[in-house]
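# A structural walkthrough
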Amino acid sequence: MADTHYQMFIDGGWRDASDGVTFKSVNPATEEAWADVPEATEADVNDAVLAAHRAFEEGPWPRMKPAERARHLRRLADCVRPYAEALGRTETTDTGKLLRETRWQAGNVSGVYEFYAGLADKVHGYTPMTGPDDPFLMTVREPVGVVAGIVPWNSQLQLAAYKIAPALAAGNSIIIKASEHASCALLDFARAIADADLPPGVVNIVSGGGVPCGQALTSHPLVSRITFTGGVETARRVIPNTANNIARLSLELGGKSPVVVFDDVDLESATNGVVAGIFGASGQSCAAGSRLIVQDTIHDELVERLVAKAESIRIGDPLDEETQMGPLATYQQRDRIEDLLAQSVDQGARVLTGGSRPRAFNKGWYFEPTIVDCDHQELPVVRNELFGPVLSVLKFKDEAEALAIANDCDFAFAGGVFSKDVSRALRVSRRIRAGRLWINTYRVTSAQVPFGGFKRSGYGREAGIESINDFTELKSILIDTSGEPVADPFIMR
Ligand code: NAP
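Attention in this report is confined to the structure presented alongside it. Keep in mind the model is a prediction, meaning the values are calculated, not measured. (Residues numbered from 1 in each chain as written. Predicted model: local features only at pLDDT ≥ 70, side-chain atom pairs only at ≥ 80, totals over all residues. Heavy atoms only, no water.)

## Overview of the site of the ligand
Neighbouring the ligand are 30 residues; Val-151, Gly-231, Thr-234, Leu-253 and Glu-385 lie closest to it. Between the ligand and Glu-180 there is a distance of 2.8 Å, counted from an oxygen atom to a side-chain nitrogen or oxygen. For the ligand, whose unbound accessible area comes to 900 Å², protein coverage reaches 90%. Of all the cavities here, the one that holds the ligand is the largest pocket. Broken down by secondary-structure element, the contributors of at least two residues to the shell around the ligand are helix H7 (210–218), strand E10 (225–229) and helix H8 (232–238). A per-class count over the shell around the ligand returns 13 nonpolar, 12 polar and 5 charged. Of the domains in this structure, domain 1 (4–253 + 457–477) and domain 2 (258–439) are the two that each give at least three residues to the shell around the ligand. (Near = heavy atom within 4 Å. Polar contact = N/O pair within 3.5 Å; in protein donor to acceptor, adjacent residues only side chain to side chain. Areas by Shrake-Rupley, 256 points an atom, 1.4 Å probe, with all protein chains shown as cover. 1 Å grid on protein atoms, 1.4 Å probe; cavity = no way out; pocket = protein on both sides within 12 Å on 5 of 7 lines; lining within 4 Å. Sits in = over half its atoms within 2 Å of the grid points. Helix = DSSP H or I, 4+ residues; strand = E, 2+ residues; numbered from the N terminus. Nonpolar A, V, L, I, M, F, W, Y, C, P; charged D, E, K, R; others polar. Domains from an automatic or database assignment.)

Pasting the structure below:
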């Protein structure tokens, strides 16, 4: 069967790369190529940016009443819904993520567009108190212009929605670059944009590698705002590009999130929370709770339960509704995990379960749910974001030690605290340096919840009410109300 042929969505129309070059999408569960995806050239990126720029400078979008933009966003939400099943299947075939999850996320994306539709006419400036003889001062918020969004391969429909929806609600136009490991669902999503009949150029979706596509987009002189989600090393390559266009940048990067479990917990509930945090999406989540920090008095019992749970996880075809864990998205990812795990074992880490490719599969980039006992913080499995189903386990004696271990990390994206003592759980959550903390749960989220990290996990926040302001410029306007003519500026009074 011929591979499915995808096209990019630029200026309201569909097109191949200008030189006709494509790359293959490979299904991580079967290792078979199944789709041809355009590899955008610099000229294609330039076309997309020019289309977005025209839409911003000449088109109706930024000039529309905010309530009318809200109506368009609600229509987009309605147009996405019928595609949820198909989008989920495409994303699962593209990335190996469970259909149960991709289908749910694709359906949920509509809610993100509705959430920001609700905010479109609630963006406001302010009039501060000034002296009666001072000029009257007001601030207004205006769209920033052309926004470039770069998304990683995981949860890309949702992550793109957290960029597209607030950017559009605030009156901007946008270009999204899909990851080369997962372009197809985003290119399919563009069908909903076409159905919603947004003005041409307001949303453009391009596919292609980090270089030239991502590089050309983030350094383009007409781009005013860049919202990047991905790994810290890639961010280090994007940051210098903004020296070109002085675009405002926000960075949603990786994590190595601590989950602190105190000895007063309900062990069954804590086990489920820890498992959800690390083995959901095969551990391929920026918020993965990959560092378990457990009180020494319950270490053995909790670990025993976690091992039993990990060994009961049904690994398999991500399209199968019964499967609980699918493959990793790329073989490079699996190779990297194996390498860091081997280094850690050499340095004293003990693999309690997993650690290998499951024997039942001779195809697919599968990796077993893995739990590693670690007696110090310097092990590569403790220090690095693995982006896979690997949990490192560390012990603590008291609250102070738990906090010291939790905060001894370059990343600070998220974290969890399990304890029946609410005061303690809240106190510890306040003291863990991270952008998001869960207490007695993990992984649950919604469009209302801002996310983003401290330290090497990036800067800026996505989702939540405030993120719409990050897609605006704040302008101050001063008005003389004295009724007097402007005095001679060279006479000092
Ligand atoms: P990645 O390798 O950093 O790629 C992210 C995006 O950047 C991709 O679209 C990539 O394109 C693009 N890119 C690569 N080089 C570029 C360049 N020079 N200029 C501009 N763009 C460039 O990350 P990934 O492997 O896709 O995703 C996993 C990482 O994302 C993990 O670290 C994870 O924690 C993080 N993440 C963070 C969040 C969050 O909200 N904080 C959410 C999800 C994931 P290609 O793929 O085509 O190379």
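## Structural notes on the side chain of Glu-101
Take Glu-101: it is sitting in helix H4 (residues 99–119). In this structure, Glu-101 is in contact with Ala-281 and Arg-443, ignoring residues within four places of it in sequence. (Contact = heavy atoms within 4.5 Å.)

## Description of the pattern of salt bridges
Inspection of the entire model under this criterion finds 28 salt bridges. The closest approach of N and O atoms between Arg-54 and Asp-11, which form a salt bridge, is 3.0 Å. Pair noted here: Arg-54 is in helix H1 (residues 42–57) and Asp-11 is in the loop between strand E2 (8–10) and strand E3 (13–15), with a separation of 43 residues, a long-range link. One continuous salt-bridge network, built from bridges that share partners, spans Glu-85, Arg-89, Arg-103 and Glu-321. (Salt bridge = Lys/Arg side-chain N within 4 Å of Asp/Glu carboxyl O.)

## Section: the packing of helix H10 (residues 267–279) against helix H11 (residues 299–312)
A pair of packed helices can be characterised by two numbers: the angle between their axes and the separation between those axes. Remark: H10 packs on H11, axes separated minimally by 10 Å, with the N-to-C direction vectors making an angle of 55 degrees. Here H10 lies oblique to H11, going by the angle between them. The crossing of H10 and H11 is right-handed. On H11, the residues touching Leu-267, Glu-268, Ala-270, Thr-271, Asn-272, Val-274, Val-275 and Phe-279 of H10 are Glu-301, Leu-302, Arg-305, Leu-306, Lys-309 and Ala-310. (Axes fitted to C-alpha atoms, helices over the stretch in contact; angles between N-to-C directions. Parallel < 35°, antiparallel > 145°, perpendicular 65-115°, else oblique. Left-handed = near helix turned anticlockwise from the far one by under 90°.)

## Points about the nonpolar core
Counting 91 residues, the largest nonpolar core has Tyr-113 and Val-261 as the members making the most contacts within it. With 10 residues, the top contributor of residues to this core is helix H5 (residues 156–169). When we break this core down by domain, the ones giving at least three residues each are domain 1 (4–253 + 457–477) and domain 2 (258–439). Setting aside anything within four residues of it in sequence, one finds Val-261 in contact with Ala-270, Val-274, Leu-292, Ile-293, Val-294, Gln-295, Ile-298, Leu-302, Phe-396 and Phe-418. (Core = buried A, V, L, I, M, F, W, Y, C linked by side-chain atoms within 4.5 Å. Buried < 20%, exposed > 50% of the residue type's maximum accessible area, 1.4 Å probe, protein only.)

## A look at a nonpolar patch on the surface
A cluster of nonpolar residues, Phe-136, Ile-477 and Ile-479, forms a patch on the protein surface that exposes about 220 Å² of accessible area. Mapping Ile-479 onto the fold places it in strand E22 (residues 472–479). (Patch = residues over 30% accessible without salt bridge, like charges linked within 9 Å, V, L, I, M, F, W, Y side chains within 5 Å.)

## Notes on the sheet that holds strand E18 (residues 414–418)
Read from one edge to the other, the open sheet built from 7 strands follows the order E14-E15-E16-E13-E12-E18-E19, with strand pairing classed as mixed. Unpaired on one side and paired on the other, strand E14 (350–353) and strand E19 (436–439) mark the two borders of the sheet. With strand direction ignored, the average angle separating the axes of adjacent strands in the sheet is 25 degrees. Relative to strand E16 (residues 390–396), helix H14 (residues 399–407) is tilted by about 145 degrees, and along the sheet it contacts strand E12 (258–261), strand E13 (291–295) and E16. (Pairing = 2+ DSSP bridges.)

## Quick look at the layout of surface pockets
Estimates place the volume of the largest pocket at around 1300 Å³. Lining the largest pocket are 46 residues; nearest its centre among them are Phe-228, Gly-230, Gly-231, Val-232 and Thr-234. At the level of elements, H7, E10, H8 and helix H12 (331–346) are the ones that each hand at least two residues to the lining of the largest pocket. When residues in the lining of the largest pocket are grouped by element, the largest group, 6 residues, is from H8. For the lining of the largest pocket, the residue count by class is 17 nonpolar, 18 polar and 11 charged. Approximately 890 Å³ is the volume attributed to the second largest pocket. Put simply, the parts of the chain that give the lining of the second largest pocket at least two residues each are H4, H5, H10, H11 and E19. Ranked by residues supplied to the lining of the second largest pocket, first place goes to H4 with 5 residues. (Points joined across faces, edges and corners; volume = space filled by probe spheres on them.)

## A look at the packing of aromatic side chains
The full count for this structure, using the stated rule, is 10 aromatic pairs. Aromatic pair Phe-361 and Tyr-366: ring centres 4.2 Å apart, planes at 20 degrees, arrangement stacked. Classification of Phe-361 as partly exposed rests on a relative accessible area of 28%. With centroids separated by 4.4 Å and ring planes inclined at 40 degrees, the aromatic side chains of Trp-438 and Tyr-442 adopt a geometry described as tilted. In terms of burial, Trp-438 and Tyr-442 fall into one category: buried. When the ring centre of Phe-471 is taken as reference, the NZ or CZ atom of Arg-225 above it lies at 4.6 Å. Above the face of the Phe-262 ring, Arg-424 is positioned so that its terminal group lies 4.0 Å from the ring centre. (Phe/Tyr/Trp six-rings, centres within 6.5 Å; stacked < 30°, edge-to-face > 60°. Lys NZ or Arg CZ within 6 Å of the ring centre and 35° of its normal.)

## A closer look at the environment of Glu-338
Tracing the sequence through the fold places Glu-338 in helix H12. Put simply, Glu-338 and Asp-266 are 72 residues apart on the chain and 33 Å apart in space, counted from C-alpha to C-alpha. When near neighbours in sequence (up to four residues on either side) are disregarded, Glu-338 contacts Arg-357 and Phe-367.

All we've got here are geometric facts, nothing functional implied.
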